[in-house]
Amino acid sequence: MNDIDKKNLDSACETCPVHQRAYLLKLGVDMEEWNYVVALCGNPNTGKSTVFNALTGLRQHTGNWPGKTVSRAEGGFEYGGSNFKLVDLPGTYSLLSTTLDEEIARDFILFGQPDVTVVVVDATRLERNLNLALQVLEITDRVVICLNLMDEARRQGLQVDERRLSRDLGVPVVPTSARYGEGLDTLLETIHDVASGTIQCKPHRIQHLSPSLSKAVSELASQVETAFPGLPNARWVALRLLDGDSRIAEAVKLGELGDLSKSAAEENEVERSMKLEALS
Ligand SMILES: Nc1nc2c(ncn2[C@@H]2O[C@H](COP(=O)(O)OP(=O)(O)OP(=O)(O)O)[C@@H](O)[C@H]2O)c(=O)[nH]1
Ligand SMILES: [Mg+2]
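Definitions and limits used
Residues numbered from 1 in each chain as written. Chains lettered and ligands numbered in written order. Predicted model: local features only at pLDDT ≥ 70, side-chain atom pairs only at ≥ 80, totals over all residues. Helix = DSSP H or I, 4+ residues; strand = E, 2+ residues; numbered from the N terminus. Pairing = 2+ DSSP bridges. Axes fitted to C-alpha atoms, helices over the stretch in contact; angles between N-to-C directions. Contact = placed C-beta atoms within 7 Å. Near = placed C-beta within 6 Å. Nonpolar A, V, L, I, M, F, W, Y, C, P; charged D, E, K, R; others polar. Buried ≥ 20, exposed ≤ 12 C-beta atoms within 10 Å, placed from the backbone. Left-handed = near helix turned anticlockwise from the far one by under 90°. pLDDT = per-residue confidence, 0-100. Right-handed = clockwise from strand over helix to strand, strands pointing away.

Enquirer: Any chance you could explain unusual backbone geometry here in plain terms?
Expert: Leaving glycine aside, a negative phi is the common case for residues, and trans is the common case for peptide bonds. Phi angles above zero are rare outside glycine, and glutamine 113 is one such case at about 45°. Its place among the elements puts glutamine 113 in the loop between helix H4 (100–112) and strand E5 (116–122). Even without being glycine, leucine 149 reaches a positive phi, approximately 60°.

Enquirer: Please clarify how the sheet that holds strand E2 (residues 60–64) should be interpreted in this entry.
Expert: Strand pairing within a sheet occurs via backbone hydrogen bonds; the two strands may be parallel or antiparallel. With mixed pairing, the seven strands of this open sheet are ordered in space as E2-E3-E4-E1-E5-E6-E7. Lying at the two open borders of the sheet, with one neighbouring strand each, are E2 and strand E7 (173–175). On average, each strand axis in the sheet is tilted by 25° relative to the strand beside it, whichever way the strands run. In terms of strand pairing, strand E1 (residues 36–42) meets E5 through five bridges, oriented parallel. Bridging across to E5, glycine 42 finds its partner in valine 120. Those strands touched by H4 are E1, strand E4 (82–88) and E5, and its axis lies near 145° from that of E1.

Enquirer: Got a minute to help me understand the site of ligand 1 in this structure?
Expert: In the neighbourhood of ligand 1, 16 residues make up the surrounding shell, with Pro44, Gly47, Ser49, Thr50 and Gly91 lying closest. Those elements giving two or more residues to the shell around ligand 1 turn out to be helix H3 (48–56) and helix H6 (150–155). Sorting elements by how many residues they give to the shell around ligand 1 places H3 first, with three residues. In the shell around ligand 1, the residues fall into three nonpolar, nine polar and four charged.

Enquirer: Sorry, what's going on with the pairing of E2 here?
Expert: Regular strands show a simple pattern: their side chains alternate between the two faces of the sheet. Across the five residues that make up E2, only a small minority, zero, are buried. Pairing analysis gives five bridges linking E2 to strand E3 (residues 71–79), with the strands arranged antiparallel. If you follow threonine 62 over to E3, its bridge partner there is alanine 73. Between E2 and E3, which pair antiparallel in sequence order, lie six residues; one of them, glycine 67, sits at a positive phi of approximately 70°.

Enquirer: Teacher, can you tell me more about the packing of helix H9 (residues 211–227) against helix H10 (residues 234–242) here?
Expert: The description of two packed helices rests on the angle between their axes and on the distance between the axes. H10 packs onto H9 with a crossing angle of 115° between their chain directions and a minimal axis gap of 8 Å. Here H9 and H10 pass one another in a crossing that is right-handed. Between H9, through Ala216, Val217, Leu220, Ala221, Val224 and Glu225, and H10, the contact on the second element is made entirely by Ala234, Arg235, Val237, Ala238, Leu239, Leu241 and Leu242. Its residues placed into classes, the contact of H9 with H10 shows 11 nonpolar, no polar and two charged.

Enquirer: What am I meant to see in the environment of arginine 205 here?
Expert: Relative to the assigned elements, arginine 205 resides in the loop between helix H8 (184–196) and H9. Between the alpha carbons of arginine 205 and leucine 137 there is a distance of 6.9 Å; along the sequence they are 68 residues apart. Those residues within four positions of arginine 205 in sequence are excluded, and the remaining contacts are Leu137 and Glu138.

Enquirer: Help me understand the confidence of the model for the chain, please; the structure alone is not making it clear to me.
Expert: Low-confidence regions, as indicated by low pLDDT, have predicted coordinates that should not be scrutinised in detail. On average, residues of the chain carry a pLDDT of 82, and 81% of them reach 70 or more. Scored below 50 in pLDDT, residues 262–276 shows 16 contacts in the model against residues more than four places distant or in partner chains.

Enquirer: Would you take a moment to explain the pairing of strand E6 (residues 143–148) for this structure?
Expert: Buried residues dominate E6, accounting for six of its six residues. Every second residue of E6 is oriented toward a common face, with Val143, Ile145 and Leu147 on one face and Val144, Cys146 and Asn148 on the other, all of them buried. Here six bridges tie E5 to E6, and the two strands are oriented parallel to one another. Paired with valine 120 across the bridge in E6 is cysteine 146. After leaving E5, the chain enters helix H5 (residues 126–139) and then returns to the sheet as E6, a path that is right-handed. Sheet topology places E6 next to E7; three bridges connect them, and they run parallel. Paired with isoleucine 145 across the strands is valine 173, a residue of E7.

What follows is the structure, encoded as structure tokens:
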């Protein structure tokens, strides 16, 4: 492969879907007819289902998460010539997996690697809602913040500087009043632009781990990568292991992470060779 081909492949990779097709299939999401997968998460009662219904209309169906009694809704929409699959995740305050709902939301974002994760936040309770948003920014960089209930914030005399928020978080922030359909066109456009790579996110991450923690995370992350080649977010897994996350420790012991990394890596390999073939 010459340099130009290599460059083309690199730039193609920057904009191609990043989702883990094999793992999404395990979670019951078949990407056959879809270009991009978008996850919708947020604290309970922030308007996720209202946003979901507004974006997908009648193109949706509901069921349960595979093997779980937690209900899920997924649907689709078309924008800018691409088909988007939208998955409504259970409402959660955190991704640290103390409940089944949190575990489902976390696994979907962490291992399914949606092309875009939309975090719906309540503009009238920003401080509490940003906890989840910051956790999401730790594990994925393709995020759009949907700053919902703006009508309610205005009614309460609250002003939110969405530009400043966007600058501080390093990802786009779109103000909406989903119940009244306000801001949803911009939300669609922004989801499209992040999915296609037109907008590049630079998410705010914790920069200053102490030197000893930083060293421990790097060492453990490289062991995790050796044990589970191709696993996305090995650093985050290492951090959770050091924090004593029993669910992640169990997934490591039972080899569940191994299943995921193997299928994801195989999938990537197939996609890569197809791209190389197309270039030759
Ligand atoms: N005023 C106002 N109300 C809204 C807005 N968006 C949603 N709501 C209302 O907020 C309530 C909760 O909305 P849902 O869409 O069910 O919220 P959710 O996040 O899916 O809730 P859970 O699935 O229970 O976590 C409903 O009564 C909606 O009509 C908005 O922009 N403004
Ligand atoms: Mg809901």
